[in-house]
Amino acid sequence: MKVNVEIDLTPEEARRFMGLPDVTPLNAKFVEEMGKRMKTMMDDPESVVKTWMAVGGQGVEQFQKFLWDSASRTIKKAADKSR
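Cut-offs applied
Here, residues in each chain are numbered from 1, in the same order as that chain's written sequence. Residue-level local features of this predicted model are given only where pLDDT is at least 70; pairs of side-chain atoms are given and counted only at 80 or more, and the full residue set underlies all totals for whole chains, interfaces and linings. Think of the side-chain values as coming from all heavy atoms in the structure, minus any hydrogens and water. Runs of H or I in DSSP of at least four residues are treated as helices and runs of E of at least two as strands, each being numbered from the N terminus. Remark: exposure states derive from per-residue accessible area (1.4 Å probe, protein chains only) relative to the maximum for the residue type, with buried under 20%, exposed over 50%, and partly exposed in between. Only the protein chains shown count as covering a residue, and every accessible area follows the Shrake-Rupley method with a 1.4 Å probe. Residues with no salt bridge and a relative accessible area higher than 30% make up the patches, which join like charges within 9 Å and nonpolar side chains (Val, Leu, Ile, Met, Phe, Trp, Tyr) within 5 Å. The salt bridge definition used is simple: a Lys or Arg side-chain nitrogen within 4 Å of an Asp or Glu carboxyl oxygen. Confidence of the predictor in every single residue is expressed as pLDDT, which spans 0 to 100.

Before going further, it helps to spend a moment on the overall build of the chain. Within the chain, the secondary structure is distributed over four helices and zero strands. Relative to its full complement of 83 residues, the chain shows a buried share of 4%. Total accessible area computed for the chain in this model is approximately 8200 Å², and 64% of it derives from carbon and sulfur atoms.

Attention now goes to a nonpolar patch on the surface. A cluster of nonpolar side chains, namely Met 1, Val 3, Val 5, Ile 7 and Leu 9, defines an oily patch on the protein surface of about 650 Å² accessible area. By the element assignment, Ile 7 lies in the segment before α1 (11-18). Residue classification places Ile 7 among the exposed positions, given a relative accessible area of 63%.

Enumeration over the complete set of coordinates arrives at seven salt bridges. Close ionic contact of Arg 15 with Glu 12 constitutes a salt bridge, the shortest N to O distance being 2.6 Å. Of the two residues, Arg 15 and Glu 12 both sit in helix α1, three residues apart, roughly one turn of that helix. Under the relative-accessibility criterion, Glu 12 is labelled partly exposed at 33%. Between Glu 12 and Arg 16 there is a salt bridge whose closest N-O contact spans 2.9 Å. Here the residue Glu 12 and the residue Arg 16 both occupy positions in helix α1, the gap between them amounting to four residues, near one helical turn. Judged by its relative accessible area of 60%, Arg 16 falls in the exposed class. Sharing partners across several salt bridges, the network here consists of Glu 12, Arg 15 and Arg 16.

It is worth spelling out the confidence of the model for the chain at this point. Here the chain averages 84 in pLDDT, while 89% of its residues score no lower than 70. The least confident element of the chain, judged by mean pLDDT, is helix α3 (residues 45-52) at 73; the most confident is α1 at 90.

Okay, structure coming up:
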């Protein structure tokens, strides 16, 4: 037997139903702070490049490793699900 249940809720209704806290004010502060940091970074692109290239390009290497590891995990999960 197969039963499908479809529930039509807004994110707000789902949050309240599950008893989760309203983090809207926290999210707004976070987005505001990230916007300020991004603007500061764009005002001084040289420092951004220096940060990325810190310690002989180690920052870029770490980012590349992060991307490859993430892709590998995603592919492995997909392969495991198809078995």
